[in-house]
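Chain by chain, the residues:
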Amino acid sequence: MTTTILVAVALVVLLAVYVSWRAGRLDRLHIRLELARESLDAALVRRTAVSLELAASRMLDPATSLVLAAAAHEARTAGPEEREHAESDLSRTLRAVVDQERFRDRLAGTRTGPDLLEELGAAVAKVLYARRFYNNAVGVTRTAQRRPLARTLRLAGHTAYPDFFEIDDAPPAALAAE
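Just so we're clear, the structure is a prediction, and the values are computed from it rather than from any experiment.

K.L.:
Got a minute to help me understand the overall build of the chain in this structure?
P.N.:
In terms of helices and strands, the chain carries 7 helices and 0 strands. For the chain, whose C-alpha radius of gyration is 24 Å, the value lies well above the compact-globule estimate of 16 Å for 178 residues. Based on the C-alpha atoms only, the size of the chain along its principal axes is roughly 90 × 30 × 20 Å. Out of the 178 residues in the chain, the part that is buried amounts to 37%. Accessible area of the chain: about 10700 Å², with a carbon and sulfur share of 59%.

This is the structure:
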């Protein structure tokens, strides 16, 4: 009788430890997801800032500056619902601007042009990597939230499934060639 009770108690303790471990893992995944989202937001803000700096640099013709500034402003002020669309528009605008014929030559002939172009390349690359890292974290978190134990015991609480951040973030060919 006491052996049966000890085995039952041991199973309950092991089950409690396992459930606690799963809950802790899910919590760590949510923290990782929040950090990845903050990193993605920072990369997007940096890309927008560099785009606005390029638009205001007087190194571009007025029409190109205006189009780039408008796309950057739209990306900066977009709400959560329009953010993906506005960021994709900024990516397409950057490709159109940077991939113009002799764009690099015109900027290379200025004092701050090469530094600004290098900074833009770094900002575009960081967006690409930050989005991939964030979407990876979303996938892992969603998988953990969908496990039967997590759903049955509501280990994620009332947390909704995180959404992927899908934008057109292909870098301009002139920057990708570096």
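K.L.:
Just to check I follow, could you spell out the pattern of salt bridges for this structure?
P.N.:
Two side chains with opposite charge may pair up if their charged atoms get near one another. All told, the structure shown has 10 salt bridges when counted by the stated rule. Where Arg92 meets Asp168, a salt bridge forms, and the shortest distance between an N and an O atom there is 3.6 Å. With Arg92 in helix α3 (residues 83–98) and Asp168 in the loop between α6 (148–152) and α7 (173–176), the pair connects residues that are 76 residues apart, well separated along the chain. A salt bridge links Arg131 to Glu166; its shortest N-O distance comes to 3.3 Å. Here Glu166 lies in the loop between α6 and α7 and Arg131 lies in helix α5 (residues 113–146), a separation of 35 residues in the sequence.

K.L.:
Teacher, can you tell me more about the side chain of Asn135 here?
P.N.:
You can see Asn135 is positioned in helix α5. With residues near it in sequence (within four places) discarded, Asn135 still touches Phe164, Phe165 and Glu166.

K.L.:
What exactly am I supposed to notice about the packing of helix α1 (residues 2–55) against α3 here?
P.N.:
How two helices pack is summed up by the angle between their axes together with the distance between the axes. Two numbers describe how α1 lies on α3: the axes approach to 12 Å, and their chain directions differ by 45°. Judged on the interaxial angle alone, α3 and α1 are oblique. Considering how the two elements wind past one another, α1 and α3 form a crossing that is left-handed. For the pair α1 and α3, contact is made by Asp41, Leu44, Arg47, Thr48 and Ser51 and by Arg83, Glu87, Leu90, Ser91 and Leu94, respectively. Each residue belonging to the contact of α1 with α3 can be placed in one class, and the counts come to 3 nonpolar, 3 polar and 4 charged.

K.L.:
What am I meant to see in a nonpolar patch on the surface here?
P.N.:
On the surface, a cluster of nonpolar side chains totalling about 510 Å² of accessible area is made up of Met1, Ile5, Val9, Val13 and Val17. Along the polypeptide, Val13 turns up in helix α1.

K.L.:
Sorry if this is basic, but what is going on with α3 here?
P.N.:
An ideal rise of 1.5 Å per residue puts 22 Å on 16 residues; α3 measures up with 22 Å between its terminal C-alpha atoms. Those residues of α3 not exposed but buried are Arg83, Ala86, Glu87, Ser88, Leu90, Ser91, Thr93, Leu94, Arg95, Val97 and Val98.

K.L.:
Got a minute to help me understand the packing of aromatic side chains in this structure?
P.N.:
The geometry of an aromatic ring pair is captured by the separation of the ring centres together with the interplanar angle, meaning the angle of the planes. Across all of its chains, the model carries 1 aromatic pair by this definition. Here Arg37 stacks its cationic end above the ring of Tyr134, 5.4 Å away from the centre of that ring. For Arg146, the ring lying beneath its charged end belongs to Tyr161, and the centroid distance is 4.8 Å.

The rules behind these values
Residues numbered from 1 in each chain as written. Predicted model: local features only at pLDDT ≥ 70, side-chain atom pairs only at ≥ 80, totals over all residues. Heavy atoms only, no water. Helix = DSSP H or I, 4+ residues; strand = E, 2+ residues; numbered from the N terminus. Rg over C-alpha atoms; globule rule 2.2 N^0.38 Å. Buried < 20%, exposed > 50% of the residue type's maximum accessible area, 1.4 Å probe, protein only. Areas by Shrake-Rupley, 256 points an atom, 1.4 Å probe, with all protein chains shown as cover. Salt bridge = Lys/Arg side-chain N within 4 Å of Asp/Glu carboxyl O. Contact = heavy atoms within 4.5 Å. Axes fitted to C-alpha atoms, helices over the stretch in contact; angles between N-to-C directions. Parallel < 35°, antiparallel > 145°, perpendicular 65-115°, else oblique. Left-handed = near helix turned anticlockwise from the far one by under 90°. Nonpolar A, V, L, I, M, F, W, Y, C, P; charged D, E, K, R; others polar. Patch = residues over 30% accessible without salt bridge, like charges linked within 9 Å, V, L, I, M, F, W, Y side chains within 5 Å. Expected span 1.5 Å × (residues − 1). Phe/Tyr/Trp six-rings, centres within 6.5 Å; stacked < 30°, edge-to-face > 60°. Lys NZ or Arg CZ within 6 Å of the ring centre and 35° of its normal.

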